[in-house]
Amino acid sequence: MWGVQQETQTPWPSEETAHPLLLLEEPRSDASDIEAILSPLGQPVLRVSLESEGLDVLLEEEEVACILIDARQSGPTGLAVAHVLREHEQARHLPLFLLGGASCEPVDRLHGHSLGTVDCLVAPVQPDLLRAKVEVLLALRHREWEMRGVLARAARAEALARENERKLRTLLGNLPGMAYRGHYEHPCPFTFASEGALRLTGYRPEDFIERRVNWGELVLPEDYKRIWKEMEEALSTRSPFILIYRIRARTGEVRWVWEHRVGLFGPRGEVAALEGFVTDITSFRRSQQERELLHQQVEEERNRLESILEQLPVAVHIADAPSGRTVYANAQAEHLLGHPMIGGSTRKDYDQYRAIHPDGRRYTSDEYPIARVLETGEPEAGHELLYARPDGSVRVFHISAGPIRNAQGELQAVVASFMDITRLKRAERHQTFLASVSETLASSLDYEATLSHVVKRAVPDLGDGCALDLLEPDGSIRRLAVSHVDPTREALAWELARQRPPRLEDGSGPGAVIRTGQTELQADISEEMLVQYASSTEHLELLRKTGVRSSLIVPLHARDRTFGALAFFFCKEGYPRALHRYDESLRLLAEDLGRRAALAVDNARLYREAQLAVRQRDEFLSVASHELKTPLTPLHLTLTALARELQPRDGAALSERLQRYVQAARRQTHKLSTLINALFDVSRITQGRLMLEPAELDLGEVVREVVAWFAPEASRVGSELRVEGEARVPGRWDRLRLEQVITNLISNAIRYGSGRPIVARVEVEGNRARLVVRDEGIGIPLEAQERIFGKFERAVSDRHYGGLGLGLYISRSIVEALGGTIRVESRPGEGSTFTVDLPRAGPPVPSG
Ligand code: ADP
């Protein structure tokens, strides 16, 4: 309310109030008679001497109804008093009553009247007349007081009204908008508009009131129709209403306004006027629009995020904090879980999810990573979790969960993301398993021991039990190894094979797998299957005891031959695990294992065969070289004797021809004996029977001697052959063996030297001697440089270069027996350099 103040009590005298009659007495006169006359009027009579000084005070303090001047003694004095009173501030308006005496002339009376004296009575005073006159005066005074009261009240009311109007104007002016009153007609002319009009529209209130502009003309046409309709509807219910629309201000600017409007109704129910309050909500609208835009953007962002989340190959689950209620989960989450998200509203409900521990125990609700983040607020990264889906499959999930916090850092929600890494995990586990088994397989050539080891290793990775059966040369099947997580059932498996070994003609089981070479996978073994497989009641009983529930048998197959079968089993009450049945992935793993095992077995067998062949060859060479050597010595002696016999004595011509034949025969015999010696050396080296006879000798001299032997040969192929380096290199070596090494290196240099120069260099370095033989011939490819020191190893084709490939093998054996080393550096087409390094102190004394 605008505070129309309650009218306070006026100070004006009322009719009932006693107002004294002031009776002024002349000195020495007695006005008590007058007092007595007046007393019936009921008003107090104050008698005051004209000479009293208290008159002023009295006039100040008392509300005197009228003044009576007792001038009966001296009429002029009364007039003089009347004169004075007319000038007196308080007495100026008071009615005067002059009681004159005999001296009171009519002139004086007139004079008295001119002074405003109301009346004048001449003595002798008639009491009734005086009372009646004073009564009239009193009545007049009362009327006057009444009038003054009314006037004062009117003045106060006017002042109040003015104050209220001022307040109203101030209030209206301060209002954030315009208040108006107008006609209910187009285009909404106003009869009143508050000051706010100017701020709101740019037009002054008078512009509206004087109809220079009408409100309806400012409203945008597209809004005008609408709000008129809304107004009509609201007026029909006589209720105040709110309108939101746009106006065009004087500047041309469009503003959004909010209006509270009400209809004022006439006596016949007609709309007599409209009143309203309009305020500018442009900035509010703008911020509202901005908010809406923001909201829309947020919504779009949200949608985009959601569609990204939906398309992610990762499952996403968002739970509200702290309740744990699911607020979002993408389709992938339900797809991976294999069931809809749990709809509960607390963390406790998580126990309906189906995560399990490796031993099959179900997760409790607070073990889930998302629950832990809800609890601690800390991220939980990279957990692996087994999930038993309702369809019976067990999946491995890689799950991470983290907090979502608001700007104040408070936990708002938790997001968990997970993906199915079942295949990856299995592949990883299978790879690790295969790698370790492969190591086992490669560790020994004793394949039966190796295979037994593999059977042991396969449990429990590939099943609760594993058995290996091998095909024997006679077509029977022998159980080589068995392992089981439960030792009693391991014994059962042996017993089964003993009682009823698998047979090639079996319709299923290891026998059938060996016969067909095909894997056999029985994901779920039923009682009927056992009955069908069993060959007798006892057999069936044993099979039942094994508790087998799923089996997988893979062939051991190498080089077109299946020679065995590896069988794996999952059994009832077996090793605690999530998965109890064989599937495609385990089949692939088992087949891989089977292939590796078969290969290892095959390699071991081949190696054994090769070893046997080498041994047989060496034995043959040993015998053959010995046998060949036996007739060669006498043959050599015979030819020497024959040559001597053919010295020119009888006929030169004949003897010369014969001599040539014999020489040729001796050369061939020498070559033959060199070859046989080499073979003989090889068998001696192989058997570790290379004997050395060390003696003091000079390496330089030996080299020069051998080079001298080869000089004719070298010049025949066009190679210059020379010796370089130290003249004397003394040491302790076996002369014949040393000659053998040098001979081999020089003869190779001539053979493979392409007719280019050959240098044999002798060096000494402290207690070691070195021989370097360098040619510029065909060279040796890098890959062959180590190999050529092996038995029968060659780096050239037999067609172009003859040889046994034994020279370097024997040379290295000799050099190493002498405590030295031999090596080659070569580049194809650029020649070869062989370096022999020898200790000068002689061969090391064999220890032990
Ligand atoms: P052989 O010479 O009888 O074949 P060796 O054991 O002496 O047997 O040599 C082995 C192989 O080493 C030769 O077959 C040849 O390929 C290669 N070889 C040896 N010496 C040389 C050389 N100086 N230059 C090129 N190749 C050589």
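Our structure is the block above this text.
Every value quoted in this text rests on a predicted model; they were computed, and no experiment measured them. Each chain carries its own residue numbering, running from 1 in the written order of its sequence. Totals for whole chains, interfaces and linings use all residues, but because this is a predicted model, local features are given only for residues with pLDDT of at least 70 and pairs of side-chain atoms are given and counted only at 80 or more. No hydrogens and no water enter the side-chain calculation; it runs on all heavy atoms of the structure.

A.B. asks: Hey, could you go over the environment of Arg 774 for me, with residue numbers and the actual values?
C.D. replies: Note on conventions: DSSP H or I runs of at least 4 residues are helices, E runs of at least 2 residues are strands, and numbering of each starts at the N terminus. Mapped onto the elements of the fold, Arg 774 is located in strand E26 (residues 768–774). On the accessibility criterion, Arg 774 (39% relative accessible area) is partly exposed. Spatially, the C-alpha atom of Arg 774 lies 22 Å from that of Leu 804, the residues being 30 residues apart in sequence. Excluding anything up to four places from it in sequence, Arg 774 contacts Pro 757, Ile 758, Val 759, Ser 832 and Thr 833. The buried label goes to any residue with under 20% of its type's maximum accessible area, the exposed label to any with over 50%, and the partly exposed label to all in between, with areas taken from a 1.4 Å probe on protein chains only. Throughout, a contact is declared for two residues whenever any of their heavy atoms are within 4.5 Å.

A.B. asks: I'd like a rundown of the environment of Ala 665, residues and numbers included.
C.D. replies: Mapping Ala 665 onto the fold places it in helix H20 (residues 652–686). With relative accessibility at 29%, the residue Ala 665 sits in the partly exposed group. Counting along the chain gives 26 residues from Ala 665 to Leu 639, while the straight-line C-alpha distance between them is 7.5 Å.

A.B. asks: Which residues make up the sheet that holds strand E15 (residues 394–405), and what are the values?
C.D. replies: Strand pairing is assigned whenever DSSP identifies at least 2 bridges connecting the two strands. As summarised here, the arrangement of the 6 strands in space is E12-E11-E16-E15-E14-E13, forming an open sheet in which the pairing is antiparallel. Whereas interior strands pair on both sides, the edge strands pair on one side only; in this sheet they are strand E12 (326–329) and strand E13 (355–356). Taken together, the 9 bridges between E15 and strand E16 (residues 411–420) define a ladder with antiparallel strand orientation. Among the inter-strand pairings, Phe 397 is bridged to a residue of E16, identified as Asp 420. Between N-to-C directions, angles span 0 to 180 degrees; the directions come from axes that are lines fitted to C-alpha atoms, helices contributing only their stretch in contact. Set on the sheet, helix H13 (residues 422–443) makes contact with strand E14 (380–388), E15 and E16; between it and E15 the angle comes to about 120°.

A.B. asks: Residues and numbers for the nonpolar core, please.
C.D. replies: Put simply, buried Ala, Val, Leu, Ile, Met, Phe, Trp, Tyr and Cys residues joined by side-chain atoms within 4.5 Å make one nonpolar core. Counting 46 residues, the largest nonpolar core has Leu 699, Trp 733, Ile 742, Leu 745 and Ile 746 as its most contacted members. Residue assignment for this core shows that the elements contributing at least two residues are H20, helix H21 (699–717), helix H22 (735–752), strand E25 (758–765), E26, helix H23 (807–817), strand E27 (821–827) and strand E28 (831–839). Residues contacting Leu 745, with those up to four places away along its chain left out, are Leu 771, Val 773, Leu 808, Ile 822, Phe 834 and Val 836. Counting 34 residues, the second largest nonpolar core, distinct from the first, contains Leu 468, Phe 563, Leu 566 and Phe 570.

A.B. asks: Please set out the sheet that holds strand E23 (residues 721–725) residue by residue, giving values where relevant.
C.D. replies: Within a sheet, adjacent strands bond to each other through the backbone by hydrogen bonds, running parallel or antiparallel. Strand order in the open sheet made by the 5 strands is E23-E25-E26-E28-E27, with mixed pairing throughout. The outermost strands of the open sheet, each flanked by one partner alone, are E23 and E27. Strand after strand, the sheet turns through a mean of 15° between neighbouring axes, direction not considered. Sheet topology places E25 next to E26; 7 bridges connect them, and they run antiparallel. Residue pairing in the sheet places Val 762 in a bridge with Leu 771 of E26. Across the face of the sheet, H22 comes into contact with E23, E25, E26, E27 and E28 while running at roughly 25° to E26.

A.B. asks: Outline the site of the ligand, listing residues and values.
C.D. replies: Residues are classed as near a molecule or strand on a simple rule: at least one heavy atom within 4 Å of it. If you check the shell around the ligand, you find 21 residues, and the closest are Asn 748, Tyr 752, Arg 794, Ala 795 and Leu 808. Between an oxygen atom of the ligand and a side-chain N or O atom of Asn 744, the distance comes to 3.4 Å. Definition of a polar contact: a pair of N or O atoms within 3.5 Å, with one able to donate and the other able to accept a hydrogen when the atoms are protein atoms, and with sequence-neighbouring residues admitted only if both atoms are side-chain atoms. Between the ligand and Gly 805, the relevant distance is 3.3 Å, taken from an oxygen atom to a main-chain nitrogen or oxygen of the residue. Taking 530 Å² as the accessible area of the ligand by itself, protein coverage stands at 98%. Counting residues per element, the ones that place at least two in the shell around the ligand are H22, H23 and E28. Considering each element in turn, the shell around the ligand owes the most residues, 4 residues, to H22. Any residue outside Ala, Val, Leu, Ile, Met, Phe, Trp, Tyr, Cys, Pro, Asp, Glu, Lys and Arg is labelled polar, Gly included; the first ten of those are nonpolar and the last four are charged. By residue class, the composition of the shell around the ligand is 10 nonpolar, 7 polar and 4 charged. Using a 1.4 Å probe, the Shrake-Rupley method yields the accessible areas, and only the shown protein chains count as cover for residues.

A.B. asks: Tell me about the packing of aromatic side chains, and please be specific about residues and values.
C.D. replies: The criterion for an aromatic pair is that two Phe, Tyr or Trp rings (for Trp, the six-membered ring) have centres within 6.5 Å, with stacked assigned to planes under 30 degrees apart, edge-to-face to planes over 60 apart and tilted to the rest. Applying the stated criterion across every chain yields a total of 16 aromatic pairs. Geometrically, the ring pair formed by Tyr 224 and Trp 228 is stacked, given 5.9 Å between the ring centres and 25° between the ring planes. Placement of both Tyr 224 and Trp 228 in helix H9 (residues 221–236) is noted, with a separation of 4 residues, approximately one turn of the helix. By the burial criterion, Tyr 224 is buried, and Trp 228 matches it. These aromatic residues form a ring-pair network of at least three members: Tyr 180, Phe 190, Tyr 203, Phe 208 and Trp 215. Only Lys NZ and Arg CZ are tested; either one counts as a charge over a ring when it is within 6 Å of the ring centre and within 35 degrees of the ring normal. We note Arg 238 situated over the ring of Phe 265; from NZ or CZ to the ring centre the distance is 4.3 Å. Of note, Arg 285 hangs over the ring of Trp 256, and the distance from its end group to the ring centre comes to 3.8 Å.

A.B. asks: Go over empty space enclosed by the protein, please, and point to the residues and values.
C.D. replies: Detection works on a 1 Å grid of protein atoms alone, calling trapped sets that fit a 1.4 Å probe cavities and calling open sets with protein on both sides within 12 Å along at least five of seven lines pockets, with lining residues defined by an atom within 4 Å of a point. Grid points are joined across faces, edges and corners, and a volume is the space filled by probe spheres set on the points. Tallying each qualifying case throughout the model produces 1 cavity of 30 Å³ or more. If you go around the largest cavity, you meet 14 residues; those closest to its centre are His 317, Tyr 353, Tyr 368, Ile 399 and Phe 418. Those elements that place two or more of their residues in the lining of the largest cavity are helix H12 (369–376), E14, E15 and E16. Among the residues making up the lining of the largest cavity, the classes are represented as 13 nonpolar, 1 polar and no charged.

A.B. asks: An account of a negative patch on the surface is needed here, citing residue identities and associated values.
C.D. replies: Distance thresholds for patches are 9 Å for like charges and 5 Å for nonpolar side chains (Val, Leu, Ile, Met, Phe, Trp, Tyr), applied to residues having over 30% relative accessible area and no salt bridge. Basic side-chain nitrogens of Lys or Arg form a salt bridge, by our definition, when they fall within 4 Å of a carboxyl oxygen of Asp or Glu. In summary, the charge assignment counts Lys and Arg as positive and Asp and Glu as negative, without counting His or the chain termini. Charge positions come from single atoms, namely NZ of Lys, CZ of Arg, CG of Asp or CD of Glu. A cluster of acidic residues, Asp 56, Glu 60, Glu 61 and Glu 62, forms a negative patch at the surface. Relative to the elements of secondary structure, Asp 56 occurs in helix H2 (residues 55–61). The class of Asp 56 is partly exposed, set by a relative accessible area of 42%.

A.B. asks: Just give me the short version of unusual backbone geometry, but keep the residues and values in it.
C.D. replies: In this model, Ala 321 is joined to Pro 322 through a cis peptide bond whose omega is 5°. Relative to the elements of secondary structure, Pro 322 occurs in the loop between strand E11 (315–320) and E12. A cis amide bond links Val 459 to the next residue, Pro 460, at an omega of 5°. When you line up the elements, Pro 460 lands in the loop between helix H14 (447–457) and strand E17 (465–471). Although it is not a glycine, Arg 238 sits at a positive phi angle of roughly 60°. Take Arg 238: it is sitting in the loop between H9 and strand E8 (241–248).

A.B. asks: Outline the packing of H22 against H23, listing residues and values.
C.D. replies: Interhelical geometry of H22 versus H23 gives an angle of 145° and a closest axis separation of 9 Å. H22 and H23 meet at a crossing whose hand is left-handed. Contacts from Arg 737, Gln 740, Val 741, Asn 744, Leu 745 and Asn 748 of H22 reach H23 at Gly 807, Leu 808, Ile 810, Ser 811, Ile 814 and Val 815. Per-class residue counts for the contact of H22 with H23 are 6 nonpolar, 5 polar and 1 charged. A crossing counts as left-handed when the near helix is turned anticlockwise from the far one by less than a right angle, and as right-handed when that turn is clockwise.

What is shown is where atoms sit, not what they do.
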